[in-house]
Amino acid sequence: MHVDRYERWWLTFGIAMLIVFLTMIGFAAIVDNINPPVGMKTIDPTKVAQTPPFDKPGARRLPDGSYEVYYVAHVFAFDPPALTIPAGSRVTFFVTSPDVVHGFFIPYTDINMMAVPGWVSTQSHRFDRAGEYLLLCHEYCGIGHQNMFAKIEVR
Ligand SMILES: [Cu+2]
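Residues numbered from 1 in each chain as written. Predicted model: local features only at pLDDT ≥ 70, side-chain atom pairs only at ≥ 80, totals over all residues. Heavy atoms only, no water.

(A) Focus on helix H1 (residues 5-30). When the terminal C-alpha atoms of H1 are compared, their 37 Å separation across 26 residues agrees well with the 38 Å that a helix rising 1.5 Å per residue should span. If you check the start of H1, you find a side-chain oxygen 3.0 Å away from the backbone N of Tyr6, and it comes from Asp4. (Helix = DSSP H or I, 4+ residues; strand = E, 2+ residues; numbered from the N terminus. Expected span 1.5 Å × (residues − 1). Polar contact = N/O pair within 3.5 Å; in protein donor to acceptor, adjacent residues only side chain to side chain.)

(B) How the structure looks around the coordination of the copper ion. Binding of the copper ion to the protein goes through Cys137 (SG), Cys141 (SG) and His145 (ND1), at separations of 1.9 to 2.2 Å. When the donors of the copper ion are listed by position in the chain, the intervening gaps give C-x3-C-x3-H. Taking relative accessible area as the criterion, Cys141 reaches 11% and is therefore assigned buried. (Donors = N, O, S within 2.8 Å, 3.2 Å for Na, K, Ca; no water. Buried < 20%, exposed > 50% of the residue type's maximum accessible area, 1.4 Å probe, protein only.)

(C) A look at the packing of aromatic side chains. The full count for this structure, using the stated rule, is eleven aromatic pairs. Taken together, a centroid distance of 5.7 Å and an interplanar angle of 85 degrees make the contact between Phe78 and Phe104 edge-to-face. Taken as a pair, Phe78 in strand E4 (residues 77-79) and Phe104 in strand E7 (residues 102-106) lie far apart in primary sequence, 26 residues in all. By the burial criterion, Phe78 is buried, and Phe104 matches it. (Phe/Tyr/Trp six-rings, centres within 6.5 Å; stacked < 30°, edge-to-face > 60°.)

(D) A look at the nonpolar core. Ranked by size, the top nonpolar core spans 24 residues in total, and within it Tyr71, Phe78, Phe93, Phe104, Ile106 and Ile152 carry the most contacts. Counting residues per element, the ones that place at least two in this core are strand E3 (67-74), strand E5 (82-85), strand E6 (89-96), E7, strand E8 (111-115), strand E10 (131-136) and strand E11 (149-154). Grouped together as the second largest cluster of nonpolar side chains are seven residues, Ile43, Val48, Tyr70 and Val72 included. (Core = buried A, V, L, I, M, F, W, Y, C linked by side-chain atoms within 4.5 Å.)

(E) Looking closely at the pattern of salt bridges. According to the stated counting rule, one finds five salt bridges in the structure shown. In this structure, Asp55 engages Lys56 in a salt bridge whose closest nitrogen and oxygen atoms are separated by 3.9 Å. The class for Asp55 is partly exposed, based on a relative accessible area of 30%. A relative accessible area of 58% means that Lys56 is categorised as exposed. The salt bridge partner of Glu153 is Arg155, with a shortest N-O separation of 3.6 Å. (Salt bridge = Lys/Arg side-chain N within 4 Å of Asp/Glu carboxyl O.)

(F) A look at a nonpolar patch on the surface. There is a patch of nonpolar side chains on the surface, built from Tyr6, Trp9, Trp10 and Phe13 and spanning about 560 Å² of accessible area. In this fold, Trp10 is placed in helix H1. Classification of Trp10 as exposed rests on a relative accessible area of 62%. (Patch = residues over 30% accessible without salt bridge, like charges linked within 9 Å, V, L, I, M, F, W, Y side chains within 5 Å. Areas by Shrake-Rupley, 256 points an atom, 1.4 Å probe, with all protein chains shown as cover.)

Below, the structure written as structure tokens:
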């Protein structure tokens, strides 16, 4: 079978790029420990309001001084709408949604998640800097999306 010289170059280039990208993904997965979420908790989205601990959203202080915060993201608000935590606290956020997909983003932190019906998303952050943080929905969720935010006060 005859393969044109330029076609052979492009084939070689394409296969080389594929190897480069797969190597980069493998490197990120192993060295930087970047992996797709596994073992995520599930929840019945029609029963979020009756399912502990999402039946009483808010913060719980753990014996080691860290916090667990349970948030329900729904059209078009976060529950709880306001939260106060002491500076220096490590906070683990648990988020779910009873209706549509929402975003869960706190600027100037590493908290950036999706609130997906049926799933519980989790991420942790240590709030060393005191101040008022904004919690935003950054996933278009409907006509009131631009009003969907909450406040976290760290003091
Ligand atoms: Cu939204």
